[in-house]
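# Close look at the chain arrangement
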Amino acid sequence: MNEKYGMILVPSLAGGGAEKSGLDLYNELKKNYRLVLIESVFDFPIDVQKENVSILGSEHKNPLVKMAYIPIASIKLAMLIRKFKTKLVMSYTEEANIVNVLAKFLTGHKAVISQHAPPDWQYHRKGFFGRIVLLVGRIFFKKADHVIAVSDGIKKSFIENYCISDERVSMIPNPIKLSQPSDAVIQTELPSRFMLHVARITFVQKTQDKVLKAFSKIADKFPDCALVFAGVGPDM
């Protein structure tokens, strides 16, 4: 059995920047790291040997059922950590972060969690499920060994709302692979002046509706300026 120093834990290979960042990090560290998914959903192109990927097994769509599955996923993760004698697990997004910290109670591994949006801002519009995520996060995130925030605002949110000391939170922006040319091709002629918004197209997470509302207030003053969205997502 090959030992793995670390594991990269993501909910799935679907979604947005957090999952993509986890996959990119794994591709750089795959010699000594294992990729672990909570769900077997693959939206990103992936070149990973199957024997180096583990799936914890949640296929539930209902958010409350997914939340109830978290303790089971944590036990399965703990079993993998013991099997591969893993010392460190880095996780992305709230669901995976909670699974990571819960498994830490069983194995004692180093748990590093990565947060790509302020949890209090991201989940306050998701009703009862969102309140559960925020409550569980406030209880368990402070038990993580370290927190990676992708912006100063998210770092400040963790320090103020989760009572995590400054030295345990690092701000590291999302990576950009400058060595790899983008496959994206602009298929429309752009105006001479425009504002560009680059993000996954989802009003809940990226709030493009607020961008549109803000742009409408300045459009009359700058009639020659256009608003351009670059991205894909469920609200296209």
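Let me sum up the structure you'll find in this document. (Residues numbered from 1 in each chain as written. Predicted model: local features only at pLDDT ≥ 70, side-chain atom pairs only at ≥ 80, totals over all residues. Heavy atoms only, no water.)

## A few points about unusual backbone geometry
Trans peptide bonds make up the majority, and among non-glycine residues the majority have a negative phi. For Thr-93, which is not glycine, the phi torsion reads 75 degrees and is therefore positive. Its place among the elements puts Thr-93 in the loop between β4 (88-92) and α3 (94-107). We classify Thr-93 as buried; its relative accessible area is 15%. Residue Cys-163 is not a glycine yet carries a positive backbone phi of 55 degrees. Secondary-structure assignment places Cys-163 in the loop between α6 (152-161) and β7 (169-171). What makes Cys-163 exposed here is its relative accessible area of 61%. (Helix = DSSP H or I, 4+ residues; strand = E, 2+ residues; numbered from the N terminus. Buried < 20%, exposed > 50% of the residue type's maximum accessible area, 1.4 Å probe, protein only.)

## Concerning helix α1 (residues 17-29)
Given a rise of 1.5 Å per residue, 13 residues ought to cover 18 Å, and the 18 Å separating the end C-alpha atoms of α1 matches this to within 8%. Residues Ala-18, Glu-19, Ser-21, Gly-22, Leu-23, Asp-24 and Tyr-26 constitute the buried set of α1. Here the buried face of α1 lies against β1 (6-10), β2 (33-37) and β4. (Expected span 1.5 Å × (residues − 1). Contact = heavy atoms within 4.5 Å.)

## Considerations on the nonpolar core
Grouped together as the largest cluster of nonpolar side chains are 34 residues, with contacts concentrated most on Met-7, Leu-9, Leu-56, Leu-77, Val-99 and Phe-158. Within the residue set of this core, elements represented by two or more residues are β1, α2 (63-84), α3, α5 (127-140), β6 (146-149) and α6. Considering every element that reaches this core, the biggest residue donor is α2, with 9 residues. By size, the runner-up hydrophobic cluster in this structure holds 15 residues, among which are Leu-13, Ala-18, Leu-35 and Val-112. (Core = buried A, V, L, I, M, F, W, Y, C linked by side-chain atoms within 4.5 Å.)

## Regarding the environment of Gly-137
Note that Gly-137 resides in helix α5. For Gly-137, a relative accessible area of 0% corresponds to the buried category. Separated by 40 residues in sequence, Gly-137 and Asn-97 place their C-alpha atoms 8.4 Å apart. Once you skip the residues sitting within four places of it in the chain, Gly-137 turns out to touch Ile-98 and Tyr-162.

## Comments concerning the sheet that holds β2
Strand order in the open sheet made by the 7 strands is β3-β2-β1-β4-β5-β6-β7, with parallel pairing throughout. Two strands lie at the open edges of the sheet, namely β3 (53-55) and β7, each paired on one side alone. Strand-to-strand twist of the sheet, defined as the mean angle between neighbouring strand axes without regard to direction, takes the value 20 degrees. Packed onto the sheet, α6 meets β5 (110-115), β6 and β7 and runs at close to 170 degrees relative to β7. (Pairing = 2+ DSSP bridges. Axes fitted to C-alpha atoms, helices over the stretch in contact; angles between N-to-C directions.)

## What to know about the pattern of salt bridges
As enumerated under the stated definition, the model contains 5 salt bridges in all. Across the salt bridge formed by Asp-24 and Lys-20, the nearest N and O atoms sit 2.9 Å from each other. Placement of both Asp-24 and Lys-20 in helix α1 is noted, with a separation of 4 residues, approximately one turn of the helix. Residue classification places Lys-20 among the partly exposed positions, given a relative accessible area of 35%. Of the charged contacts, one joins Asp-145 and Lys-110 as a salt bridge, the two residues approaching to 4.0 Å between their closest N and O atoms. Highlighted residues: Asp-145 in the loop between α5 and β6 and Lys-110 in strand β5, separated in sequence by 35 residues. You can call Lys-110 partly exposed: its relative accessible area is 49%. (Salt bridge = Lys/Arg side-chain N within 4 Å of Asp/Glu carboxyl O.)

## Some words on the packing of aromatic side chains
The tally for this structure, following the rule as stated, stands at 5 aromatic pairs. Counting every residue linked through ring pairs, the aromatic cluster contains Phe-141, Phe-158 and Tyr-162. (Phe/Tyr/Trp six-rings, centres within 6.5 Å; stacked < 30°, edge-to-face > 60°.)

## Brief notes about the layout of surface pockets
As a volume, the second largest pocket reaches approximately 180 Å³. Lining the second largest pocket are Ser-21, Leu-25, Met-90, Tyr-92, Ser-114, His-116, Ile-148, Val-150, Ile-172, Pro-173, Asn-174 and Pro-175. Of all the secondary structure elements, the ones that give two or more residues to the lining of the second largest pocket are α1 and β4. Split by residue class, the lining of the second largest pocket holds 8 nonpolar, 4 polar and no charged. (1 Å grid on protein atoms, 1.4 Å probe; cavity = no way out; pocket = protein on both sides within 12 Å on 5 of 7 lines; lining within 4 Å. Points joined across faces, edges and corners; volume = space filled by probe spheres on them. Nonpolar A, V, L, I, M, F, W, Y, C, P; charged D, E, K, R; others polar.)

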